[in-house]
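# Architecture at a glance
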Amino acid sequence: GVVHVARDITERKRAERDLAHHQALLETVIKQVPLGISLMDLSGNVILTNQMAGNIIGYSNIRSSIEERDRDILYRYPDGRRYVLAELPGMRSLNNGEVVTDEEMLITRGDGTEATLLVSSSPLRDEAGALTGAVVSFHDITERKRTEGALRESERQLRHARDLLEAVTAGT
């Protein structure tokens, strides 16, 4: 005799469609969000990123090894000290499970231009809590920092002018 086996795969197909839909939605969000976003594997290699990340740091091949990026981009603290690899926010999330929120970082891009970034990172974990990677997000605050500096300078000049005016009027 012949045995016929039939299996209803409707539920599995629906789950596959739902998964594909959610993956496409996530990719759309990552592409559209106005932040640089990079997902790193346990070795620190970027495995997923968005175009904004490349635009911000001025590096078209952001999906490269951390060593290649570190060679082409100079990362510095606001006081000018250079980050060592293990101190970078994403690496701290990978190595120590640290959540970094809004850390100010100066970068010198491969083309020599400089920028100030606000960087956050967080470890990624699987259902069992094991570390699987890290997500790093950042945005360029260079213009904001320039504006704040210009405002401080204007305030300094205004105080100086006021002091001069007070000195002149006190002498009359």
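Residues numbered from 1 in each chain as written. Predicted model: local features only at pLDDT ≥ 70, side-chain atom pairs only at ≥ 80, totals over all residues. Heavy atoms only, no water.

### Quick look at the pattern of salt bridges
Should their charged atoms come close, side chains of opposite charge can pair. For the structure on display, the rule yields 15 salt bridges. With a closest N to O distance of 3.3 Å, Glu-16 and Arg-12 form a salt bridge. Of the two residues, Glu-16 and Arg-12 both sit in helix H1 (residues 10–32), four residues apart, roughly one turn of that helix. One salt bridge in this structure joins Glu-153 and Arg-156, with 2.7 Å as the shortest N-O distance. Here Glu-153 and its partner Arg-156 are both found in helix H5 (residues 142–170), three residues apart, which amounts to about one turn of the helix. For Glu-153, a relative accessible area of 33% corresponds to the partly exposed category. Note on Arg-156: relative accessible area 42%, which makes it partly exposed. Through salt bridges with shared partners, one network takes in Glu-104, Arg-144, Lys-145 and Glu-148. (Salt bridge = Lys/Arg side-chain N within 4 Å of Asp/Glu carboxyl O. Helix = DSSP H or I, 4+ residues; strand = E, 2+ residues; numbered from the N terminus. Buried < 20%, exposed > 50% of the residue type's maximum accessible area, 1.4 Å probe, protein only.)

### Thoughts on helix H4 (residues 89–96)
One turn of the α-helix equals 3.6 residues, which is why residues spaced by three or four share an orientation. Burial analysis of H4 places six of its eight residues in the buried class, which makes it a mostly covered element. Positive backbone phi, at 70°, marks Gly-97, one or two positions downstream of H4.

### Focus: the packing of aromatic side chains
Taken as a whole, this structure holds one aromatic pair when the rule is applied. Ring centres of Tyr-77 and Tyr-83 lie 3.9 Å apart, and the angle between their planes is 15°; this geometry places the pair in the stacked category. In this structure, Tyr-77 and Tyr-83 share a single accessibility class: buried. Cation over ring: Arg-81 sits above Tyr-77, and NZ or CZ is 4.3 Å from the ring centre. (Phe/Tyr/Trp six-rings, centres within 6.5 Å; stacked < 30°, edge-to-face > 60°. Lys NZ or Arg CZ within 6 Å of the ring centre and 35° of its normal.)

### Digging into the pairing of strand E2 (residues 46–49)
Pairing of strand E1 (residues 36–40) with E2, which is carried by three bridges, proceeds in the antiparallel orientation. Of the residues in E2, the one forming a bridge with Leu-39 is Leu-48. Turn length for the E1-E2 hairpin, with the two strands adjacent in sequence and antiparallel, is five residues, and the turn residue Gly-44 shows positive phi of about 90°. (Pairing = 2+ DSSP bridges.)

### What about the pairing of strand E4 (residues 100–108)?
The side chains of a regular strand alternate, residue by residue, between the two faces of the sheet. Bridge analysis of strand E3 (residues 74–76) against E4 gives three bridges, and the strand direction is antiparallel. Among the inter-strand pairings, Tyr-75 is bridged to a residue of E4, identified as Ile-107. The sheet contact formed by E4 and strand E5 (residues 114–125) spans seven bridges and is antiparallel. For Met-105, the partnering residue across the bridge sits in E5 and is Leu-117. Between the end of E4 and the start of E5, which pair antiparallel, lie five residues, with Gly-112 showing a positive phi angle near 95°.

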